[in-house]
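Chain by chain, the residues:
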2 protein chains.
Amino acid sequence: MAQLGLPTQLRINGERLQRSLLELAKIGATPKGGVCRLALSDLDQQGRTWVINQAKALGLSVSIDQIGNTFMRRAGQRSQLPPVMTGSHIDTQPTGGKYDGNYGVLAGLEVIATLNENGIETEAPIEVVFWTNEEGSRFTPVMMGSGVFAGAFSLEHAYSRTDQAGKSVQNELERIGFLGNEKIGEHSCGAYFEAHIEQGPVLEHHNITIGVVPGVMGLRWFDCVVHGFEAHAGPTPMEIRQDALYVASQLMQYVITLAKNHAPHGRGTVGMVQVFPNSRNVIPGRVQFSVDLRHPDSAVLSEMSASLQKQIDTLSAVHRMPITLEEVSYFPPCSFDLACIDAIRESSKDLGYSQMDVVSGAGHDAIYIARLAPTGMIFIPCKDGISHNEIEDARTDHLEAGANVLLHSMLRFAKPVI
Amino acid sequence: MAQLGLPTQLRINGERLQRSLLELAKIGATPKGGVCRLALSDLDQQGRTWVINQAKALGLSVSIDQIGNTFMRRAGQRSQLPPVMTGSHIDTQPTGGKYDGNYGVLAGLEVIATLNENGIETEAPIEVVFWTNEEGSRFTPVMMGSGVFAGAFSLEHAYSRTDQAGKSVQNELERIGFLGNEKIGEHSCGAYFEAHIEQGPVLEHHNITIGVVPGVMGLRWFDCVVHGFEAHAGPTPMEIRQDALYVASQLMQYVITLAKNHAPHGRGTVGMVQVFPNSRNVIPGRVQFSVDLRHPDSAVLSEMSASLQKQIDTLSAVHRMPITLEEVSYFPPCSFDLACIDAIRESSKDLGYSQMDVVSGAGHDAIYIARLAPTGMIFIPCKDGISHNEIEDARTDHLEAGANVLLHSMLRFAKPVI
């Protein structure tokens, strides 16, 4: 057996990675500089085919599973070892950018290209994967391919989902030639790394290159409805009003206070508001609004939800208005693997990049894969924290740095044979 | 010349008035017990014709002016005196009630009926009027007939207004046979009284029968827009957000505080809210909302507006978000005539009804007529303060009391010949 060691001077080719990203971004390019490549569309088919051709040119073998997840494999010296995997998704939002998802997949191929051109073999096989329908823009649920892969929901459920035109996931997979034959549950995974733009402003704000992701926040979504009494704005004195918006706006304030009380990781957002009857001179009789609470600790998240309910009970009693709070979604927090996190932290340090921990506030395929195998995520800054937008942008040096950290983190698990 | 005096025992017939109200309410009756009789519609024509027939049966002469205002006149002993007038409107909201407007017109006819059956003549002529299109539901502006009558805007402007189907006021007046030939500006008015349901909850709340209306509140309508920065609810930490709704909801609170700071007459309402992009997991980038401020004193109303602007400037500076405030409407306050107010107060006292001052928060035809002649308004309670609603309701004894006060107030001006 050959000697193992880390080739510390090894670097990926940032220009080649950038060229590759811009090339893939041509498929579904929008006039405003973004990308629209919805899951299982003709453009998704073209994108998938382009990526597979790149992989084949790098000598990788390709397998596709029943939900269209596509695995591109570089053999290891010990083929019986489960592969060290990386990847993300290449489907986009309707007005998406060039980097969300695509970066994680193409950084993986760049890692392979770097190993190839340096003649480095690894003990464990290395795989690059793109998961089907991460965005959920055309078909829900989001993170569909990784969710099925991890057993979060069934293949049948995913197959039966339809888009607005009534087309099913199963038929669309078949139509674009990505209804694979590899059975769900039969693909092993030794470890999983995912490089991704942060989709938030924290790294840029702190002028840091690498975000080490300890985990992903838990999320609770609620619908809150305040029931007041509709009345004329003119003749109704202030003291006998039942103004639903007056109480609702106090709760909107409280959601923010609640998050700030659980700094630095607490998040609270009211994103959606509907006022009834929504007329200029009528005191609102009913206000419905959404509440989005997030925290990486499930106990704290529960505590935040309980505080919200308590505040609602208090305001309801004080103002004598019924207020309902209904939970509509819950994603528990996800903690990534300590060994993966360490690998990312150490690699980043060795490479001389500034780094900080950034808890992910958004969902990623890595959340589901973490249920099966040691998993870690690498964030790089994106311009102004903007994502899910055609103006999404990232700096070439950051893209390069993230791929270098990915390379060295994966090598710590796949073990180069020197 | 005959001796003058007040026939203190004189009372209107409450049952007859109630019957009359229910009869008129059949024209355009809705399944839920309300009335839909939009201005210048076929149903309005039927309603107008029914009222005119009632007037003719009481021996009144009828004249119609160029905007369709209809005057029903009982001669006085001194025909050269300007008439003492009363009235209101018979058009309704699309889901209106039986009493709003209709009560003022039919209470006027009941006053005439009472004078007739008691053989009481007056020095000045007495007229009952219904003004065209008070509600403004089909054609804007509201209070169109009284507005043209008082010269608040021109006949040409009113004629040119169209409904959603493109039909003009002029053509519709002509079609229903109410494009009269009496020229605007040629109808004299000695004094004007209007009886109306309160359309608010104050009288009922205080268990009072008669509201003496010293005036009508001034009103300022604004559109306020808070410009924040749209971002993902998950990855964006609280301290670097520019959450437009967080600031907007503080302003919504302030509007209420502002009104309470100017108790008891101050009013502040946010009735309409639009959040952009209005998505559950996106921090609002922009929030637009309406502000409705009212007060009977124009100086105080200006002060309230200035305070709002100051608060906006403060919050804009603190949160570094642009906030615009645009005035979209202004109605100055209106004070009614002291002699008319006294007549109502004294009549109510002589008749033994409980009374209190209630500043009107809503607009009425009386506001415009007050520009031409001494004017006063009499309010009676309506159930739960509800109006502009099919469930609008009023008690028979209150309807009767209001008409009795109207009768005696008008007699103080028209002077009975005994």
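Residues numbered from 1 in each chain as written. Chains lettered and ligands numbered in written order. Predicted model: local features only at pLDDT ≥ 70, side-chain atom pairs only at ≥ 80, totals over all residues.

1. A look at the overall build of chain A
Then, in step 1: Counting secondary structure elements, chain A contains 12 helices and 19 strands.
Then, in step 2: Its C-alpha atoms give chain A a radius of gyration of 24 Å, within 12% of the compact-globule value 22 Å for 418 residues.
Then, in step 3: Projecting the C-alpha coordinates of chain A onto the three principal axes gives extents of approximately 85 × 45 × 40 Å.
Then, in step 4: Evaluated residue by residue, chain A yields a buried proportion of 56% over its 418 residues. (Helix = DSSP H or I, 4+ residues; strand = E, 2+ residues; numbered from the N terminus. Rg over C-alpha atoms; globule rule 2.2 N^0.38 Å. Buried ≥ 20, exposed ≤ 12 C-beta atoms within 10 Å, placed from the backbone.)

2. Describing the sheet that holds strand E2 (residues 70-74) of chain A
All names here are of chain A.
Then, in step 1: Pairing is mixed across the open sheet formed by eight strands, whose spatial order is E1-E2-E5-E3-E6-E18-E7-E17. Each end of this open sheet is capped by a strand with a single partner; those strands are strand E1 (61-64) and strand E17 (355-357). For this sheet the average axis-to-axis angle between neighbouring strands, irrespective of direction, equals 25 degrees.
Then, in step 2: Sheet analysis places strand E6 (residues 191-197) next to strand E18 (residues 375-380), joined by six bridges and oriented parallel. Bridge assignment links His196 to a residue of E18, and that residue is Phe379.
Then, in step 3: On the sheet, helix H12 (residues 396-414) packs against strand E3 (84-88), strand E5 (126-130), E6, strand E7 (210-213) and E18 and is oriented at approximately 160 degrees with respect to E18. (Pairing = 2+ DSSP bridges. Axes fitted to C-alpha atoms, helices over the stretch in contact; angles between N-to-C directions. Contact = placed C-beta atoms within 7 Å.)

3. Some thoughts on the interface of chain A and chain B
Then, in step 1: Taken together, the contact between chain A and chain B spans 50 residues of the former and 51 residues of the latter.
Then, in step 2: Looking at the side of chain A that touches chain B, the element that brings in the most residues is helix H8 (residues 244-260) of chain A, giving nine residues.
Then, in step 3: Residues belonging to the side of chain A that touches chain B are distributed by class as follows: 25 nonpolar, 19 polar and six charged. (Nonpolar A, V, L, I, M, F, W, Y, C, P; charged D, E, K, R; others polar.)

4. Concerning the relation of the copies chain A and chain B
Then, in step 1: It takes a turn of 180 degrees to lay chain A on chain B, together with a shift of 0.1 Å along the axis; the resulting RMSD is 0.1 Å. Here the transformation between the copies is reduced to the relation of a two-fold axis. Ranked by how close their C-alpha atoms come to the rotation axis, the residues of chain A are headed by Ser249(A), at 2.5 Å.
Then, in step 2: The share of interface residues of chain A whose copies in chain B are also at the interface is 100%, consistent with both copies meeting through the same surface. (Least-squares fit on C-alpha atoms with pLDDT ≥ 70 in both.)

5. A few points about the environment of Ala231(A)
Then, in step 1: Along the polypeptide, Ala231(A) turns up in strand E10 (residues 231-232).
Then, in step 2: Given 26 C-beta atoms within 10 Å, Ala231(A) falls into the buried group.
Then, in step 3: Counting along the chain gives 11 residues from Ala231(A) to Gln242(A), while the straight-line C-alpha distance between them is 8.4 Å.
Then, in step 4: For Ala231(A), the contacting residues outside a window of four places in its chain are Thr236(A), Arg241(A), Ile283(A) and Gly385(B).

6. Some thoughts on the domain arrangement of chain A
Then, in step 1: For chain A, the assigned domains are domain 1 (14-216 + 333-417) and domain 2 (218-331).
Then, in step 2: For the side of domain 1 of chain A that touches domain 2 of chain A, the class distribution of residues is two nonpolar, three polar and no charged. (Domains from an automatic or database assignment.)

7. Quick notes on the environment of Leu106(B)
Residue and element names in this part refer to chain B.
Then, in step 1: Relative to the elements of secondary structure, Leu106 occurs in helix H3 (residues 102-117).
Then, in step 2: Judged by the 29 C-beta atoms lying within 10 Å of it, Leu106 falls in the buried class.
Then, in step 3: In sequence terms Leu106 and Ser20 are 86 residues apart; their C-alpha atoms lie 7.1 Å from each other.
Then, in step 4: Filtering out sequence-adjacent residues up to four positions away, Leu106 remains in contact with Leu17, Ser20, Leu21 and Leu24.

8. Notes on helix H1 (residues 14-24) of chain A
Residues and elements named next belong to chain A.
Then, in step 1: Taken together, the buried positions of H1 are Leu17, Ser20, Leu21 and Leu24. Down the axis of H1, the buried side of the element spans an arc of 100 degrees, and every buried residue falls inside it. In H1, the exposed residues that point more than 90 degrees away from the buried face are Glu15, Arg19, Leu22 and Glu23.
Then, in step 2: The secondary structure elements touched by the buried residues of H1 are helix H2 (42-57), helix H3 (102-117) and H12. (Arc of directions from axis to C-beta.)

9. Some thoughts on helix H9 (residues 298-319) of chain A
Residue and element names in this part refer to chain A.
Then, in step 1: A rise of 1.5 Å per residue sets the reference length of H9, with its 22 residues, at 32 Å; its end C-alpha atoms lie 31 Å apart and thus fit the reference within 8%.
Then, in step 2: Residues of H9 that are buried include every one of Leu301, Met304 and Leu308, and no others. Around the axis of H9, the buried residues are gathered within 55 degrees of arc, so they sit on the same side. In this structure, H9 carries Ala299, Ala306, Lys310, Asp313, Thr314 and Ala317 as exposed residues pointing more than 90 degrees from its buried face.
Then, in step 3: Tucked inside the fold, the buried residues of H9 contact strand E9 (218-227), H8, strand E14 (286-295) and strand E15 (323-331). (Expected span 1.5 Å × (residues − 1).)

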